[in-house]
Amino acid sequence: MKICIYIIVLLISSTTLAQSQPVEKNLWQPYRVTERSGAQHVELSGEGWTLGHADKPIKNRSELAELKDVFKTSIPNSVHWSYFKAGKLPHPYYNKNSEKYWWLDEKVWYYRRSFKMPEKAADSYVFLCFEGVDYFSKVWVNDSLVGVHEGMFGGPTVEISRFLKSDNEITVEVRAGNWGNKATKLEDLPRSASGEFDYSKRKGYNPRVSGKIIKPWVISGGSGGEAFFSVGMWQGVRLEVVPKVHMERPFLTTVKSSDKQADLHLSLELLANEASTNLKLHPWNNTQLDHPDNFGQKFEAQNGNYAVQMELLSDGKPVSKQSWKIELTQGRNWLEKDIILANPKLWNPTGLGKADMYDVKITLMQNDKVLDNIHFKHGIRTIAFLPTAGPRTRDRWDNWQFVINGKKVFVKGMNFTPQDILLDLPYERYRWTLEAAKKMGVQLIRIWGGGLLETKHFYDICDELGIMVWQDFPIGNQDTPDYPQDVWEAQVVQNIVRLRNHPSLAIWCGGNEFNAYSSGNATSIGILERNLKIFDPARPFKRTTPDHGAIHVYPDMDPVWYNRSYAKAPWISETGMHSLPEASVFYETVDNKEFVGLGKMWEKTFEKDHPEFIHHFTEYGPGRVPRMLSRASHIIDVADPTIDEISEASQVGAGEFYQVFSEKVQGNYPVTTGLMPWVFKRHWPVIAIQLIDWFGNAGAPYYFLKRTYEPTHVAVDIPRLLWKSGEEMDLPVKVTHARPAAINGAKLTVSVLDDAFKTLWENEKTLQIQAGTSVTSSATGKFKIPAEYNDRFLLVLAELKDPSGKLISRSVYFPRVLSKMRDEAFFKEYTSTPIPWIALDKGPWLKPTITKSPQTTLTVVANSQEKIGNDRSRIKVTVKNTGTSPAFMTKMDISGVKRAIVADDNYFWLAAGEARQIVMDVLWREPDASQKPVLTVKSWNSPLVTSPLGTSKN
């Protein structure tokens, strides 16, 4: 009997104890709370936060007093950058300082800040909204644990009015996505026989098999970033104060438009005494979804005279104002309205017109009193898709011909990795990068699936600049059978709603280089498809890339094969070539003692003696290093180059590759209708495929590709880059033209020069260039290579001028005439199939050849220097060739300071007697009034010329 009583008491005590433990509410949910303005919005980002850590999660808030190393910080930020900016650790990207940060993802981090009770009515909701916490989090408001969250792309969001006092404190616990499952260090892995790291031996978290963690691999120790695993509050925090009857999630779409009229549609949620953060999108267990009883659904009418007013403003002036009386019921309501706008200003991508936008103001009124406001921008534009001109070759074959505001276009795109691998993402850095993209002529940027669902900064700037966005979701190169699908769906829906009003957003895609049809990915992709159909049916969805007719290609061949090997491809969504960034990157980030033996970059002993150099080499392996060196070996002798020589040579070799494949692909229009090379900018200072390095400096590949992205471009459709003496070289021309007006009577000149700048052959023609988008082809004749011309370069020059003689476009090529081509077996193989690019171990080499050619002289004058930001200037320069020979690879630069430069042009041909006006945007990386920057210009066949500039503070 006593035993029975004891058991009963124990059971009761256990039950009481369990009931007394706080239940941790899951805060992931699909409904994002829209930003307000004015008193309704309280920004909690910025300064005012502290950061400390513990070895394991705290059990109660009293343990916060025992946190280690508490210091002031700001958000958004990762823990890594907080430590650097506080001066606690050296720069994470310099030398091998990453090793000093290795411990950060093993700790539990606590962010804290205080705030005053916001002004609010007694019956208002107060939503605490986190835009992104990486990765596992808990949130306390004062002494109350409000819930737990996982996932880095939106949330947690929670209604906190019941927890608030006059003075308040938020505490956020953050743990990394690899918590308790840390991966083996890269350097501890053996290498396979091919020289690659043997990733099969890596234990712990695998970025390519992330299991239950929804985190892109580039910021979680994936290839090229193995030294880093991000953690922290990488996005902002805000409070939104809204009445119990309020608006949510407006969606304004352009149904159709012309210069005379735009038909718009507004969809708007209205909530009456209901916080949408408490609603479910659907149940997660099997059940009937809609099964009312005999009484049906109750509709409890809300008293009050409610109205919604929508106003469109252009340049601050109202152009449309409409108001609708509405009847509300308890819970959720929708307003669906069609709007007609006369004489609309259209949003156009780069090169097609202005990217005009409207301010949209939506107001909820009750009895003529304002209850709630939502403001956002809208661009009126239509993007349709038609079949391309080529044959369909697969089951899944989408329409890839973009039709933008009624105009067919060839889309000039780029791929985009995160701005920063440790998620330091200020507005100014995005601004610099995206302005460089626009300046290059980029019309579409793909946010790669190994990267981020990007920040508001990114989309706002793309909207303003007229850059379309292809947004991958963050699935990259993996199967996702273990994804927590409720977390995944919450992240998916939040971001669809967050981004869908941006006119720049053109395409959704499931992610990068994964099988969207595998059993492991079917559920994840199904969630994407169904929610896009519900929440953004206005845009196309590609399940993955490459797929649907789009291809990824990274050949090591003569790039002339692009319009043969890939002639039937409607879209190329990745392609590119490795190169080193400029040498100054290495002088700053790598032990300079390692700049020896660089010609042996792929020998087994190299890594041992060059640890910091290899640390800054993305995907150091046989698929990358030899192909990069073989390109460089046509420019210089790579047996024992300096860091400056190999940097420039690899860039010029890659630049030639980008130029030729871009011209071949664009010349294949309308069969191929878009190109997105890899990759625009790198996320830390590394050797990799890149046009702009992490510091923001544009390299030679940027300028070689930029010239092909100009609105009207002349290209010699050169059959190949390697020749033998005595051959006839056919030199047809293709002019790609994107402007709406035709050019009648354009003057075309094609010249062949020897490598001492002597003209060997020339032909002139008059062309009628069709209105854009068009490709105008013209035969110009054949040049016979002299029989004695051997192991030398030819210089092929094409110039297109308008009828008045003004230069429209110029292209330069440097084909090689090689004795190796006299080998019949090699000649047959090379001309009949796309073989790997050969190295020229014994020459000829382009730069030494040009350097020995007739010299010329240059002058340079800085006409103006305008300050356009705290650390930015715009310098207008005149450079003139005052000699009698062309200046080859003319390069503008600034010495004496740490800077990044994006210019109108660089590495260019400047004819004898020619002067050019060049605009240089300069980012002064460490502006200082004592610095004395110097403007420089030189070419491969002219001496360096300098001109002093004002200080970097001017």
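Model, not experiment: these values are computed from the prediction.

Secondary structure summary: the protein chain contains 15 helices and 47 strands in total. A compact globule built from 954 residues would reach a C-alpha radius of gyration of about 30 Å, and the protein chain, at 30 Å, matches this within 12%. Overall size of the protein chain, expressed as C-alpha extent along the three principal axes, is 110 × 65 × 60 Å. Within the protein chain, the proportion of its 954 residues that are buried is 61%. In the protein chain, the proportion of contacts linking residues at least 24 apart, taken out of those at least 6 apart, comes to 72%. Per element, the accessible surface of the protein chain, about 37700 Å² overall, is 51% carbon and sulfur. Between the centroid of the 115 positive side chains of the protein chain and the centroid of its 109 negative side chains there is a distance of 2 Å.

What follows covers the packing of aromatic side chains. On inspection of all chains with the given rule, the structure shows 47 aromatic pairs. Taken together, a centroid distance of 5.0 Å and an interplanar angle of 90° make the contact between Tyr93 and Trp694 edge-to-face. Taken together, the positions of Tyr93 in the loop between helix H2 (79-85) and strand S4 (108-116) and Trp694 in the loop between strand S28 (674-675) and helix H13 (700-708) put the pair 601 residues apart, joining distant regions of the chain. With respect to class, Tyr93 is no different from Trp694; both count as buried.

A separate point is the side chain of Ser751. As for its placement among the helices and strands, Ser751 is situated in strand S33 (residues 743-754). Take Ser751: its relative accessible area is 5%, and that puts it in the buried class. A polar side-chain atom of Ser751 sits 2.8 Å from a polar atom in the side chain of Glu762. For Ser751, the contacting residues outside a window of four places in its chain are Trp761, Glu762, Leu795, Val796 and Leu797.

Remark: a regular strand shows side chains that alternate across the two faces of the sheet. In strand S19 (residues 401-404), alternate side chains face the same way, and those of Gln401 and Val403 on one face and Phe402 and Ile404 on the other are all buried. Pairing between strand S18 (residues 383-386) and S19: four bridges, direction antiparallel. Across the sheet, the residue bridging to Ile383 is Ile404, located in S19. Relative to strand S20 (residues 407-409), S19 runs antiparallel, the two sharing three bridges. Of the residues in S20, the one forming a bridge with Val403 is Lys408.

It is worth spelling out the sheet that holds strand S16 (residues 358-366) at this point. Strand order in the open sheet made by the four strands is S14-S13-S16-S17, with antiparallel pairing throughout. With one partner strand each, in any of the chains shown, strand S14 (317-326) and strand S17 (369-378) form the two edges of the open sheet. With strand direction ignored, the average angle separating the axes of adjacent strands in the sheet is 15°. The pairing of strand S13 (residues 306-314) with S16 spans eight bridges and is classified as antiparallel. Bridge pairing in S16 links Gln309 to Thr363.

Moving on: helix H3 (residues 427-440). An ideal rise of 1.5 Å per residue puts 20 Å on 14 residues; H3 measures up with 20 Å between its terminal C-alpha atoms. Most of H3 is tucked away, with 10 of its 14 residues classed as buried. Among the residues of H3, those classed as buried are Arg429, Tyr430, Arg431, Trp432, Thr433, Leu434, Glu435, Ala436, Ala437 and Met440. A positive phi of about 100° marks Gly441, the residue just after H3.

With omega at 5°, the peptide bond leading from Ile75 into Pro76 counts as cis. Backbone torsion omega between Gly155 and Pro156 reads 0°, so that peptide bond is classified as cis. With respect to the helices and strands, Pro156 occurs in the loop between strand S7 (144-150) and strand S8 (157-159). Here the phi dihedral of Asn273 falls at roughly 55°; this positive angle occurs in a residue that is not glycine. Examined against the element boundaries, Asn273 turns out to sit in the loop between strand S12 (261-272) and S13.

Let us look at the nonpolar core. One finds Leu128, Phe613 and Phe888 to be the most contacted residues of the largest nonpolar core, which totals 235 residues. Not counting chain neighbours up to four residues away, the residues in contact with Phe613 comprise Leu580, Phe586, Val590, Glu594, Leu598, Met601, Phe606, Ile643 and Ile687. Core analysis: the second largest hydrophobic core is formed by 27 residues, Val308, Trp324, Leu346 and Val360 among them.

Look at H3 against H13: their axes get within 9 Å of each other, and the N-to-C directions meet at 40°. Accordingly, the angle class assigned to the pair H3 and H13 is oblique. Here Ala436, Lys439 and Met440 of H3 come into contact with H13, specifically with Tyr702, Leu705 and Lys706. Among the residues forming the contact of H3 with H13, the class breakdown is four nonpolar, no polar and two charged.

This brings us to a negative patch on the surface. Judged by side-chain charge, Asp637, Asp640, Asp644, Glu645 and Asp841 come together as a negatively charged surface patch. By the secondary structure assignment, Asp644 is in helix H12 (residues 643-666). Overall, the relative accessible area of 40% leaves Asp644 in the partly exposed class.

The next subject is helix H4 (residues 456-465). Count 3.6 residues to each turn of an α-helix, and residues three or four apart come out pointing the same way. Those residues of H4 that sit buried are Phe458, Tyr459, Ile461, Cys462, Asp463 and Leu465. Residues of H4 that are buried make contact with strand S21 (411-416), H3, strand S22 (444-447), strand S23 (468-472), helix H5 (485-499) and strand S24 (505-509). Directly after H4, the chain includes Gly466, whose backbone phi takes a positive value near 80°.

As for its position among the elements, Asp693 is in the loop between S28 and H13. One buried charged residue, Asp693, forms no salt bridge at all, with the nearest opposite charge on Arg899 at 6.6 Å. A polar side-chain atom of Asp693 sits 2.9 Å from the main-chain amide nitrogen of Phe695.

A word on the pattern of salt bridges. Pairing is possible between side chains that carry opposite charge, provided their charged atoms lie close to one another. Under the counting rule described, the total for this entry stands at 65 salt bridges. The shortest N-O distance in the salt bridge between Glu240 and Arg238 comes to 2.8 Å. Both residues of the pair, Glu240 and Arg238, belong to the buried class. One network of salt bridges, in which partners are shared, links Arg36, Glu248, Arg249, Glu269, Arg332 and Asp372.

With respect to topology, four strands assemble into an open sheet ordered S40-S41-S45-S43, the strand pairing being antiparallel. Edge positions in the sheet fall to strand S40 (858-869) and strand S43 (899-903), since each has one partner strand and no second. Across the sheet, the mean angle from the axis of one strand to that of its neighbour is 25°, orientation sign disregarded. The pairing of S43 with strand S45 (residues 915-924) spans five bridges and is classified as antiparallel. The residue of S45 that forms the bridge with Ile901 is Val922. Contacting strand S41 (872-881), S43 and S45, H3 runs over the sheet at an angle of about 25° to S43.

A residue-level look at the protein chain finds 97% of positions with pLDDT of 70 or above and a mean pLDDT of 95. Under a pLDDT of 50 for its full length, residues 1-21 has, in the predicted model, zero contacts with residues more than four places off or in other chains.

In the sheet, strand S42 (residues 887-895) pairs with strand S46 (residues 934-939) via five bridges, with the strands oriented antiparallel. Residue pairing across strands places Met892 opposite Val937, the latter belonging to S46. Here S46 runs beside strand S47 (residues 942-948); their pairing, made up of five bridges, is antiparallel. Residue Val934 lies in a different strand from S47, and its bridge partner there is Pro948. Between S46 and S47, which pair antiparallel one after the other, the connecting turn spans two residues.

What describes two packed helices is the angle between their axes and the distance between those same axes. Their axes nearest at 7 Å, the elements helix H11 (residues 625-632) and H12 cross at an angle of 90°. Of the possible angle classes, the one that applies to H11 and H12 is roughly perpendicular. Every residue of H12 that contacts H11 at Met628, Leu629, Arg631 and Ala632 is listed here: Ile646, Ala649, Ser650, Gly653 and Phe657. A class-by-class count of the residues in the contact of H11 with H12 yields six nonpolar, two polar and one charged.

With that out of the way, let us pick up the state of the cysteines. Applying the stated rule across the entire model yields zero disulfides. Among the cysteines around Cys462, which has no disulfide bond, Cys509 carries the closest sulfur, lying 17 Å off.

Conventions and cut-offs
Residues numbered from 1 in each chain as written. Predicted model: local features only at pLDDT ≥ 70, side-chain atom pairs only at ≥ 80, totals over all residues. Heavy atoms only, no water. Helix = DSSP H or I, 4+ residues; strand = E, 2+ residues; numbered from the N terminus. Rg over C-alpha atoms; globule rule 2.2 N^0.38 Å. Buried < 20%, exposed > 50% of the residue type's maximum accessible area, 1.4 Å probe, protein only. Contact = heavy atoms within 4.5 Å. Areas by Shrake-Rupley, 256 points an atom, 1.4 Å probe, with all protein chains shown as cover. Lys, Arg positive; Asp, Glu negative; His and termini not counted. Charge placed at Lys NZ, Arg CZ, Asp CG, Glu CD. Phe/Tyr/Trp six-rings, centres within 6.5 Å; stacked < 30°, edge-to-face > 60°. Polar contact = N/O pair within 3.5 Å; in protein donor to acceptor, adjacent residues only side chain to side chain. Pairing = 2+ DSSP bridges. Axes fitted to C-alpha atoms, helices over the stretch in contact; angles between N-to-C directions. Expected span 1.5 Å × (residues − 1). Core = buried A, V, L, I, M, F, W, Y, C linked by side-chain atoms within 4.5 Å. Parallel < 35°, antiparallel > 145°, perpendicular 65-115°, else oblique. Nonpolar A, V, L, I, M, F, W, Y, C, P; charged D, E, K, R; others polar. Patch = residues over 30% accessible without salt bridge, like charges linked within 9 Å, V, L, I, M, F, W, Y side chains within 5 Å. Salt bridge = Lys/Arg side-chain N within 4 Å of Asp/Glu carboxyl O. pLDDT = per-residue confidence, 0-100. Disulfide = S-S within 2.5 Å.

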